[in-house]
Amino acid sequence: MRWLDKKMEHSARGLAQRTSRRGFLGKLAGLVAGGAATVPLLPVARAQDNPFPEEQGDPNSCEYWRYCAIDGFLCGCCGGSANSCPPGTEMSPITWIGTCENPVDGKNYIVSYNDCCGKSSCGNCLCQRNQGDRPVYQPRISNDLNWCLGTSSNIYNCSTAIIIGAALDT
Amino acid sequence: MRWLDKKMEHSARGLAQRTSRRGFLGKLAGLVAGGAATVPLLPVARAQDNPFPEEQGDPNSCEYWRYCAIDGFLCGCCGGSANSCPPGTEMSPITWIGTCENPVDGKNYIVSYNDCCGKSSCGNCLCQRNQGDRPVYQPRISNDLNWCLGTSSNIYNCSTAIIIGAALDT
Amino acid sequence: MDKILATVVVGAWLVTAQPVLAEIQPEPLGVVETLPETYPAHWIIVQDGSFFHMSDGKFMVIDADSDEPATRFKGMFNGSFIPQFYQAKSKPEMYVAETFHSRGNRGERTDVLTIYDKRTLAPIDEVIIPPKRASQMPLLYSLQLVDDESLALVYNFTPATSVSVIDLSAREFVGEIPIPGCALVYPMGGRAFSSLCSDGTMLTVLLDDNGAQASSSRTEAFFDVEADPVMEKAAIIDGIGYFPTFMGNVVPIDLKGTTPSVGAKWSLVGGEAGGWRPGGLQLTGSDARGHLYVLMHPEGYDGSHKDPGVEVWVFDPDARRRLRRLELELPAITIGLTRDDEPLLLATNINLEIDVYDANSGAHLRTIGGFGQETPFLLHGSH
Amino acid sequence: MDKILATVVVGAWLVTAQPVLAEIQPEPLGVVETLPETYPAHWIIVQDGSFFHMSDGKFMVIDADSDEPATRFKGMFNGSFIPQFYQAKSKPEMYVAETFHSRGNRGERTDVLTIYDKRTLAPIDEVIIPPKRASQMPLLYSLQLVDDESLALVYNFTPATSVSVIDLSAREFVGEIPIPGCALVYPMGGRAFSSLCSDGTMLTVLLDDNGAQASSSRTEAFFDVEADPVMEKAAIIDGIGYFPTFMGNVVPIDLKGTTPSVGAKWSLVGGEAGGWRPGGLQLTGSDARGHLYVLMHPEGYDGSHKDPGVEVWVFDPDARRRLRRLELELPAITIGLTRDDEPLLLATNINLEIDVYDANSGAHLRTIGGFGQETPFLLHGSH
């Protein structure tokens, strides 16, 4: 609870400046991002023959490019990773989708924010960013919904950010 | 959660001095006691013809004399009082017992710490003091037990401190 | 009963308890407090989503006039897994739509509409509903009552969308109304509700005497879902819903009848410079005078629609005129108002404490924290 | 299965999603991490009672060697309402005795022994047990396994005390053994357990092949419940239980056979001035060398037996000799140790973070916090 409190103080400062580009929960997560930033930013570059895009940055920081429309606990801080679920959870088959720009190649990619389900809130690396987010009447791009649907349990543990395609015409 | 954190900092200071006379949860509650202490200490004196003992102090402070062997959330901070349960809860019929000295008359009284049950942790005025507390093999004087027994729900909300008699030979 | 049992059993314990008792009058056991049927106007109900322990959400009844940390807490009741909440105006009842699993975070799912007595904060009944209740951040229009509060409507998302209809007098689930492509429940006059749709229209469903669908209709598209989508977080004042838009406009929709009538969009911002936009979790409110309150932030951008607000702007919605700007002590994510003529403006600040303001003068009266609140997502004035 | 379904359904969403997709290799969906069957020696299991949300307790698997906040968190599993926990040594299973109500905090109570797979942190089975499980602050000796980990024993308190016996191979509850006037479960050699009694004796029950009581015996009274009661928070080293007393002594009890043999009480404090006493929530531990660790505080008084400790004293219990004093960075309420020869000493400090020390040198290595821990009552080295 101490860490949340720190994040709140952090968020208060951040908000007072009114310059942040992230939502209030994201701001709460700011300090965790800061904490994870004690981890040196590891380039996650991949071989050229690899169809995945090159990336860099800290996948456990709320600032990471894939999280432009996420809302929840980053699975990488919960025993999973940016694209896998923690042990004993179940990945939701359907979810909401964001379109985020990869700073490495300047391209936009479609990111699927599949939730991991069946255990209670991980509690780590809470992150909310709302780029392109829309109200729940547009569910496929709404991060206010719990997407633990079609899973054996409705309970939300954390969120992944899985690249499922590149966006054209952006 | 902020308040808990404050209480923790408070407890850290208190503990560093190693002079406190209360347990760690009690120390956590220190700040709430402090908070409640913004309430002036109201004498709760009663008429002489009244069979109840005279008391003074803040019944919502962990330092209050009745709480010498309590462990839990003070019901007075939860919608109840030192001797009544919050709305919608159910008082446990049996519980653990402490023997506390009333500073007003210097007498010892038997205090029954009946738990209030059926709603989750109240979360306010967490207080632990262990005077005369014994391990669970002596349940009637052990505050480690949840006494929500014989109630329709086992779930613990807060604890009262009810005077059920005066102790002789003390 | 409890009191008798309590006395007896404690007596039994004391037979073996040391030291023995002198003769004084013991205090009564088993006493449980109750609350008035109508809460004082400045009591509020804090809806804590418990985002870090969602299966153990809480609703806390707080006296927002009080500066006494201990005694301003009047009681609480639970709500499981980001519940939806509705407080009846015509009877001392409150409703919680909630979700349980047979093993806490796993096992069989059961959704229920739990009915609470305002005087005891105890559940007096429950209605089991289809396990489809929308699981999402708390929104006022996920659970509503219509037809003089005789029918409860629960929004479902599986991701197919529908509405569960509960007959509150019979205390039974009576049917499910599909609302494909649409979301949420906005109460209409009579036995009808409306929903916002992804094509920019509003769907309206009229219910028959059995709570089944009698007829449905759709408005013309009245907003551009790409350029300036309406927010679902409307304030309904005298039967007119005021829907803010992402870009700082507001669309008034008359919901008094059984078919909505969409009014002309007007701007909340007018000529104001600074890129002001509405934003937050619950960002609108209203008072007894019928004034509209909107949580606003400057330097708006794509994605700022849930950022905390730093001011609350108060409007006369009939005159489409801003009456005042209230600067907040701390940025806030949610606002609420009390029901009286000297209303309090309540704001969940970014430390997740409750700031209390005089809604007329904007004066900051107090900050209420340290009452076990964790993530107080919604603030409800009481009835 | 999930992966296939996932791909299909997400595909369906994308048909209607804007903007359309270019051809790149999508990342796989549905991937779930797993853990090794035997955990690295310095992984620990943090038992968070979630005192403020008891129905949503957590067990968190943490790499205590790591300084990376994100990646040191290996996973979690839940435990409901101050659960009891036991980690098997002979198989990759963990056991959680927990309590559920059909409506979260109300409704019908169900107690279960949930069996977890260490590799998946997923429940692989459950055994429903009588709804009598002791509901109390977490104690190691509320749930134990005996007879080569073939029988699980759950301590019950209603307030009548008994022990539920579960056959782990058959995965079934086989019986309940009353232990009137006694409490908790200390594992003995073979199919037997002992309990501490309020008259200062120890009760021992021998179980037959069906898990029913074959015979029972009682020791002589070996401690004075008034003058110097033993604490229930013993460390068992090579089959000998070391029970600290309130006044700073320790009583060794040989539990290797089917009847306990009580050894001579000796002093932890010796001639040390300052009023040192053992105290805390879980205040004892041991390492692979068979050394005894005790959390100590000075200026002891009536009621200090749960106060945080400021030093950990390490003893050679055979020689009855103190080997070292480890001064803690912050006072601690609970200690634990890892299983290896270069053990870590783990301490839940009064900020409810985990301090990690080199158990041999006493050097403070790191503080682990900010991983969602709320009230980490017990710290378990892993197997």
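Residues numbered from 1 in each chain as written. Chains lettered and ligands numbered in written order. Predicted model: local features only at pLDDT ≥ 70, side-chain atom pairs only at ≥ 80, totals over all residues. Heavy atoms only, no water.

1. Side note on the overall build of chain A
Move 1: On a plain count of helices and strands, chain A comes out with 2 helices and 8 strands.
Move 2: Starting at the N terminus and ending at the C terminus, chain A contains elements arranged as α-α-β-β-β-β-β-β-β-β.
Move 3: Within chain A, the proportion of its 170 residues that are buried is 72%.
Move 4: Put simply, of all contacts in chain A between residues at least 6 apart along the chain, 66% involve residues at least 24 apart.
Move 5: About 4800 Å² of surface is accessible on chain A, with carbon and sulfur atoms providing 52% of the total. (Helix = DSSP H or I, 4+ residues; strand = E, 2+ residues; numbered from the N terminus. Buried < 20%, exposed > 50% of the residue type's maximum accessible area, 1.4 Å probe, protein only. Contact = heavy atoms within 4.5 Å. Areas by Shrake-Rupley, 256 points an atom, 1.4 Å probe, with all protein chains shown as cover.)

2. Some details on the overall build of chain C
Move 1: Regarding its fold elements, chain C presents 1 helix and 30 strands.
Move 2: In terms of overall dimensions, chain C is globule-like: its C-alpha atoms have a radius of gyration of 23 Å, near the 21 Å expected for 383 residues.
Move 3: Counting only C-alpha atoms, chain C reaches 80 × 50 × 35 Å along its principal axes.
Move 4: Here the analysis covers contacts within chain C between residues at least 6 apart in sequence; of these, 44% occur between residues at least 24 apart.
Move 5: Of the side-chain charges in chain C, 29 are positive and 51 negative, and the distance between the mean point of each set is 2 Å. (Rg over C-alpha atoms; globule rule 2.2 N^0.38 Å. Lys, Arg positive; Asp, Glu negative; His and termini not counted. Charge placed at Lys NZ, Arg CZ, Asp CG, Glu CD.)

3. Comments concerning the packing of aromatic side chains
Centre distance and the angle of the planes are the two values used to describe a pair of aromatic rings.
Move 1: Considering all chains together, one arrives at 40 aromatic pairs over all chains under this definition.
Move 2: Each ring, one from A:Phe73 and one from C:Phe52, has its centre 5.5 Å from the other, and the planes form 65 degrees; the classification is edge-to-face. Here A:Phe73, found in strand 1 (residues 71-73), pairs with C:Phe52, found in the loop between strand 2 (43-48) and strand 3 (57-63), and the two come from separate chains.
Move 3: Looking at C:Phe52, the relative accessible area reads 6%, which means it is buried.
Move 4: Within the aromatic cluster, the residues linked to one another by ring pairs are A:Phe73, A:Tyr156, C:Phe51, C:Phe52 and C:Phe377.
Move 5: Between the NZ or CZ atom of C:Arg325 and the centre of the ring of C:Trp276, over which it lies, the distance is 5.1 Å. (Phe/Tyr/Trp six-rings, centres within 6.5 Å; stacked < 30°, edge-to-face > 60°. Lys NZ or Arg CZ within 6 Å of the ring centre and 35° of its normal.)

4. Some thoughts on the state of the cysteines
Residues and elements named next belong to chain A.
Move 1: Taken as a whole, this structure holds 16 disulfides over all chains when the rule is applied.
Move 2: What pairs with Cys78 in a disulfide is Cys122, and their sulfur atoms sit 2.1 Å apart. The disulfide joining Cys78 to Cys122 has a torsion of about -85 degrees about its S-S bond and is therefore left-handed. Of the two residues, Cys78 is situated in the loop between strand 1 and strand 2 (90-91) and Cys122 in the loop between strand 5 (115-117) and strand 6 (126-128); the sequence distance between them amounts to 44 residues.
Move 3: By relative accessible area, Cys78 is classed as buried at 0%. (Disulfide = S-S within 2.5 Å.)

5. Comments concerning the sheet that holds strand 5 (residues 115-117) of chain B
All names here are of chain B.
Move 1: Strand order across the open sheet formed by 3 strands is 2-5-7, with antiparallel pairing between neighbours. Since the sheet does not close on itself, it has two edges, and those belong to strand 2 (90-91) and strand 7 (156-159), each with one partner.
Move 2: The pairing of strand 5 with strand 7 spans 3 bridges and is antiparallel. Opposite Cys117, over in strand 7, you have Tyr156 as the bridge partner. (Pairing = 2+ DSSP bridges.)

6. A word on unusual backbone geometry
All names here are of chain C.
Move 1: Between Thr158 and the following residue, Pro159, the backbone shows a cis peptide bond with an omega angle of 10 degrees.
Move 2: In this fold, Pro159 is placed in the loop between strand 10 (151-157) and strand 11 (161-167).
Move 3: A positive phi angle, near 55 degrees, is found at Arg171, a position not held by glycine.
Move 4: Overall, the relative accessible area of 25% leaves Arg171 in the partly exposed class.

7. A few points about the confidence of the model for chain C
Reading fine detail from the predicted coordinates is not recommended where pLDDT is low.
Residues and elements named next belong to chain C.
Move 1: Per-residue confidence for chain C gives a mean pLDDT of 94, with 94% of residues at or over 70.
Move 2: Predicted confidence for residues 1-20 stays below pLDDT 50, and this span has 38 contacts to residues more than four positions away or in other chains.
Move 3: The ipTM, which scores confidence in the relative placement of chains, is 0.90 for this predicted complex, and the corresponding pTM is 0.90. (pLDDT = per-residue confidence, 0-100.)

8. Section: the pattern of salt bridges
Residues and elements named next belong to chain D.
Move 1: A complete count under the given rule lists 40 salt bridges over all chains for this structure.
Move 2: Among the salt bridges present, the one from Lys132 reaches Glu176, with a minimum N-O distance of 2.9 Å. One end of the pair, Lys132, is in the loop between strand 8 (122-129) and strand 9 (143-146); the other, Glu176, is in strand 12 (residues 172-178), with 44 residues separating them in the sequence.
Move 3: The closest approach of N and O atoms between Arg218 and Asp199, which form a salt bridge, is 3.4 Å. Of this pair, Arg218 sits in strand 16 (residues 213-218) while Asp199 is found in the loop between strand 14 (192-197) and strand 15 (202-207), placing the two residues 19 residues apart along the sequence. (Salt bridge = Lys/Arg side-chain N within 4 Å of Asp/Glu carboxyl O.)

9. Quick notes on the environment of D:His380
Residues and elements named next belong to chain D.
Move 1: Within the fold, His380 resides in strand 30 (residues 376-381).
Move 2: For His380, a relative accessible area of 10% puts it in the buried group.
Move 3: Linking His380 and Gly285, residues 95 residues apart in sequence, is a C-alpha distance of 9.8 Å.
Move 4: Not counting the four nearest positions on each side in its chain, His380 is found in contact with Ile44, Ile45, Gln47, Phe85, Gln87 and Leu140.

10. Re the sheet that holds strand 2 of chain A
Residue and element names in this part refer to chain A.
Move 1: Spatial strand order, 2-5-7: 3 strands in an open sheet with antiparallel pairing. Bordering the open sheet on either side are strand 2 and strand 7 (156-159), each of which pairs with just one other strand.
Move 2: Note: strand 2 against strand 5, 2 bridges, orientation antiparallel. Each bridged residue has a counterpart across the sheet, and for Glu90 the counterpart in strand 5 is Cys117.

11. Notes on the side chain of B:Asp144
Move 1: In this structure, B:Asp144 sits in the loop between strand 6 (126-128) and strand 7.
Move 2: B:Asp144 has contacts with B:Asp71, B:Asp133, B:Val136, D:Gln136, D:Met137, D:Glu232, D:Lys233 and D:Lys306, leaving out every residue within four places of it along the chain.

12. A few points about the pairing of strand 7 (residues 109-117) of chain C
All names here are of chain C.
Move 1: Strand 7 sits mainly inside the fold: 9 of its 9 residues count as buried.
Move 2: The alternating pattern of strand 7 places Arg109, Asp111, Leu113, Ile115 and Asp117 on one face and Thr110, Val112, Thr114 and Tyr116 on the opposite face, and all of these are buried.
Move 3: The sheet contact formed by strand 6 (residues 93-101) and strand 7 spans 9 bridges and is antiparallel. Bridge pairing in strand 7 places Phe100 opposite Thr110.
Move 4: Adjacent in sequence and paired antiparallel, strand 7 and strand 8 (residues 122-129) are bridged by 4 residues, among which Leu121 carries a positive phi angle near 55 degrees.

13. Some points on the nonpolar core
Move 1: Formed by 63 residues in total, the largest nonpolar core has its most connected members in A:Tyr113, C:Tyr186, C:Phe193 and C:Leu196.
Move 2: If you list the elements that add at least two residues to this core, you get strand 4 (108-112) and strand 8 (162-167) of chain A together with strand 10, strand 11, strand 13 (182-187), strand 14 (192-197), strand 15 (202-207) and strand 19 (249-254) of chain C.
Move 3: The leading source of residues in this core is strand 13 of chain C, at 5 residues.
Move 4: The residues contacting C:Tyr186, other than those within four sequence positions of it, are C:Tyr141, C:Phe193, C:Ser194, C:Ser195, C:Leu196, C:Met202, C:Glu232, C:Ala234, C:Phe243 and C:Leu255.
Move 5: Counting 62 residues, the second largest nonpolar core, distinct from the first, contains B:Leu74, D:Val165, D:Ala183 and D:Leu255. (Core = buried A, V, L, I, M, F, W, Y, C linked by side-chain atoms within 4.5 Å.)

14. Here we look at the side chain of D:Thr284
All names here are of chain D.
Move 1: Along the chain, the position of Thr284 falls in strand 23 (residues 284-286).
Move 2: Judged by relative accessible area, Thr284 falls into the buried class, the value being 4%.
Move 3: Here Thr284 is in contact with Lys233, Ala234, Ala235, Pro244, Tyr293 and Ile335, once residues within four sequence places are set aside.

15. Considering the pairing of strand 27 (residues 344-349) of chain D
Residues and elements named next belong to chain D.
Move 1: Among the 6 residues of strand 27, 6 are classified as buried, and the element is accordingly described as predominantly covered.
Move 2: Side chains of strand 27 alternate between two faces, with Leu344, Leu346 and Thr348 and Leu345, Ala347 and Asn349 buried alike.
Move 3: The antiparallel hairpin formed by strand 26 (residues 321-337) and strand 27 contains 6 residues in its connecting segment.
Move 4: The pairing of strand 27 with strand 28 (residues 354-358) spans 5 bridges and is antiparallel. In the strand pairing of strand 28, Ala347 is matched with Asp355.

16. What to know about the environment of C:His291
Residues and elements named next belong to chain C.
Move 1: Counting through the fold element by element, His291 comes out in the loop between strand 23 (284-286) and strand 24 (292-297).
Move 2: The spatial distance from the C-alpha of His291 to the C-alpha of Leu323 is 8.8 Å, given a sequence separation of 32 residues.
Move 3: Apart from residues lying up to four places away in sequence, His291 is in contact with Ile237, Gly285, Ser286, Val314, Phe315, Asp316, Pro317, Leu323 and Arg324.

17. Observations regarding the confidence of the model for chain A
Move 1: Within chain A, residue pLDDT values average 77, and 69% of them lie at 70 or more.
Move 2: Across residues 1-49 of chain A, confidence stays below pLDDT 50; counting only partners more than four residues off in sequence or on other chains, it has 118 contacts.

18. A short note on the environment of C:Val96
All names here are of chain C.
Move 1: Here Val96 lies in strand 6.
Move 2: Sequence separation between Val96 and Phe157 is 61 residues; the distance between their C-alpha atoms is 17 Å.
Move 3: Not counting residues within four places of it along the chain, the set of residues in contact with Val96 comprises Phe59, Phe77, Asn78, Gly79, Pro83, Gln84, Phe85, Val112, Leu113, Thr114 and Tyr116.

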